[in-house]
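# Observations on chain architecture
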Amino acid sequence: MAPRRTPPLAPPARGRPPSRPSPPRARRVATIHRLNPGDAAAAARWDAFVFACPEATFFHRAAWQQVMHEVFGHPTFYLYAEQDGAIVGVLPLAQVKSLLFGHALVSLPFCVYAGVAASDEAAAQALEAEAQRIAQQLGAEHLELRQLTRQHDGWPRQDLYVTFRKPILPDEEANMLAIPRKQRAMVRKGIKNGLVATFDDGVDRFFALYASNVHRHGTPALPKRYFETLRRLFGPDCSVLTVTSAEGQLLSSVLSFHFRDEILPYYAGDDEAARDLAANDFKYWELMRHACAQGFKTFDYGRSKVGTGPYAFKKNWGFEPQPLHYEYRLYKREAIPQNNPANAKYKLMIETWRKLPLPVANWLGPFVVRSLG
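The chain is annotated in an unreviewed UniProt entry as FemAB family PEP-CTERM system-associated protein from Rubrivivax albus.

### Concerning the overall build of the chain
Looking only at helices and strands, the chain features 12 helices and 15 strands. Burial status across the chain gives 49% buried among its 373 residues. Counted over contacts in the chain with a minimum sequence separation of 6, partners at least 24 positions apart contribute 71%. As displayed, the chain has an accessible area near 19,200 Å², and 54% of this comes from carbon and sulfur atoms.

### Remarks on helix H3 (residues 121–138)
Its 18 residues place the ends of H3 26 Å apart at the C-alpha level, agreeing with the 26 Å of an ideal helix rising 1.5 Å per residue. Taken as a whole, H3 has its buried residues at Ala-123, Ala-124, Leu-127, Glu-128, Glu-130, Ala-131, Gln-132, Ile-134 and Ala-135. Between the side-chain oxygen at the start of H3 and the backbone nitrogen of Ala-122 there is a gap of 3.1 Å, and the oxygen is on Asp-120. Directly beyond the C-terminal end of H3, a positive phi value near 80° is found at Gly-139.

### Looking at helix H6 (residues 204–216)
Taking 1.5 Å of rise per residue, 13 residues should cover 18 Å, and H6 covers 19 Å from first to last C-alpha, within 8% of that figure. Within H6, burial applies to Phe-206, Phe-207, Leu-209, Tyr-210, Ala-211, Asn-213, Val-214 and His-215. Backbone geometry just after H6 places Gly-218 at a positive phi near 80°.

### Considering the environment of Gly-102
Relative to the helices and strands, Gly-102 is located in strand E4 (residues 102–107). We classify Gly-102 as buried; its relative accessible area is 14%. Beyond its immediate sequence surroundings of up to four residues, Gly-102 is in contact with Val-96, Lys-97 and Glu-141.

### Points about the environment of Val-50
Within the fold, Val-50 resides in helix H1 (residues 40–52). Using a relative accessible area of 0% as the deciding quantity, one classes Val-50 as buried. Sequence separation between Val-50 and Gly-89 is 39 residues; the distance between their C-alpha atoms is 8.6 Å. Every residue in contact with Val-50, bar those within four places of it in the chain, is listed here: Ala-56, Thr-57, His-60, Arg-61, Val-90, Phe-259 and Arg-260.

### Side note on the packing of aromatic side chains
Per the counting criterion, the structure on display carries 39 aromatic pairs. With a centroid separation of 5.7 Å and 40° between ring planes, the pair formed by Tyr-161 and Tyr-326 is classed as tilted. Placement of the pair is Tyr-161 in strand E8 (residues 161–167) and Tyr-326 in strand E15 (residues 325–330), with a sequence separation of 165 residues. A relative accessible area of 10% places Tyr-161 in the buried class. Accessibility expressed as a relative area gives 1% for Tyr-326, which makes it buried. For the pair Phe-207 and Phe-227, a centre-to-centre distance of 6.1 Å together with 55° between the ring planes defines the contact as tilted. With Phe-207 in helix H6 and Phe-227 in helix H7 (residues 224–234), this residue pair connects regions lying 20 residues apart in the sequence. Judged by relative accessible area, Phe-207 falls into the buried class, the value being 13%. A cation sits over an aromatic face here: Lys-166 above Phe-319, 5.3 Å from the ring centre.

### Some thoughts on unusual backbone geometry
A cis geometry characterises the amide bond from Ser-107 onward to Leu-108, with omega recorded as 5°. The topology assignment puts Leu-108 in the loop between E4 and strand E5 (117–118). The residue Asp-84 is not glycine, and still its phi comes out positive at about 55°. Within the secondary structure, Asp-84 is located in the loop between strand E2 (76–83) and strand E3 (86–98). Exposure remark for Asp-84: the relative accessible area of 44% places this residue in the partly exposed category. Unusually for a residue other than glycine, Arg-260 sits at a positive phi of about 50°.

### Some thoughts on the pattern of salt bridges
Counted according to the given criterion, the structure contains 13 salt bridges. As a salt-bridge pair, Arg-61 and Asp-237 come within 2.9 Å of each other at their nearest N and O atoms. Note that Arg-61 is positioned in the loop between H1 and helix H2 (63–72) and Asp-237 in the loop between H7 and strand E10 (238–244), a separation of 176 residues in sequence. The buried category is assigned to Arg-61, whose relative accessible area is 10%. Taking the relative accessible area as the measure of exposure, Asp-237 reaches 24% and is therefore partly exposed.

So, how was this worked out
- Within each chain, residue numbers correspond to sequence positions counted from 1 in written order.
- This being a predicted model, a pLDDT of at least 70 is required before a residue's local features are given, and a value of 80 or more before pairs of side-chain atoms are given or counted; all residues contribute to the totals for chains, interfaces and linings.
- Where side-chain values are given, they derive from all heavy atoms of the structure, hydrogens and water being excluded.
- In DSSP terms, a helix is any run of H or I states spanning at least four residues, a strand is any run of E spanning at least two, and both are numbered starting from the N terminus.
- Only protein chains enter the accessibility calculation, which uses a 1.4 Å probe. A residue is then buried if its area is under 20% of the maximum for its type, exposed if over 50%, and partly exposed in between.
- In what follows, a contact means two residues having at least one pair of non-hydrogen atoms within 4.5 Å.
- Accessible surface is estimated by sampling points in the Shrake-Rupley manner with a 1.4 Å probe; for residues, cover comes only from the protein chains shown.
- Helix span, expected: 1.5 Å multiplied by one less than the number of residues in the helix.
- Whenever two N or O atoms come within 3.5 Å, that pair is a polar contact, provided that in protein one can donate a hydrogen and the other can accept it, and provided that, for residues adjacent in sequence, both atoms are side-chain atoms.
- Each Phe, Tyr or Trp ring (for Trp, its six-membered ring) is paired with any other whose centre lies within 6.5 Å, and the angle between the two planes then decides the class: stacked below 30 degrees, edge-to-face above 60, tilted in between.
- Geometrically, a charge over a ring is one whose NZ (Lys) or CZ (Arg) sits within 6 Å of the ring centre while staying within 35 degrees of the ring normal.
- Within this document, salt bridges are pairs made up of a side-chain nitrogen of Lys or Arg and a carboxyl oxygen of Asp or Glu, the two lying within 4 Å of each other.

Here it is in structure tokens:
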């Protein structure tokens, strides 16, 4: 775009001395406000900014505030910066407090990236300053900002996680050929096995597979009403794709988010029979194929811990890991918290959880997982 040209000043009227040009008006400093739960008009303004801001993600959407309240009971602090009557930045925060995992202010629990999204640096700094003030006022042990890019050289950060994002090509066959040969063979195996993929109206089939899957791995399941709430609040921007055998056996399922031109497979579950039938591979291919047909441009394979099975699986699809930048302000602790299954101190807890009957684990899970995030 060519630079704008300043129009020439009009000549002064005869008999009058030329007037001095008026000094430019100082731009007003951004003010910080909080989004109140249930304020539909303010939430609509918040979301309009989120959809327009390149730094924003699906996890910045206002409805997550309702999810935090309804499902987990977490107090929230949804901050937005306003300047000249327009929103110029947002920062969603939730307070997570438990005897087992500590006390934190997080942007955002259960979301892989949701730090500051702002249109200018001054707004970003004002939002972060208010977040730090709130964290200290609450007596939090730390403030955690989950971001796609590094923002602060001096803040402690967590290098445990990466994300995998890749463009979706406009042609279905081109997407198939972009999958490395060995992984492509697994996709074709699923197709040859006559597997069937359908989009579900509800979450029943998904939850049955998801809950069984996480139980086998020794981690508590999120409550079923969490997934029901996601479907209700995000509507068509939250979908469930389920894979069955040709005979109707339930094999694999994935819950995905849609944001702008991106699709994000976020929660998944598989039956033990899925591996031999290549149902997991077929599931993601069907999702990618559908996304291509719908005009999506980016496939966001989501967060994984470095060195794990899911990390290797995504690399096998030809996706390259991109580090996630989780940055911290520590107030009442000396080190970054390690509330994840990779922490050796949780090994006994994981082994014990695996031995619980599934109905018992599903009943207890929500009381434990709400404090993990």
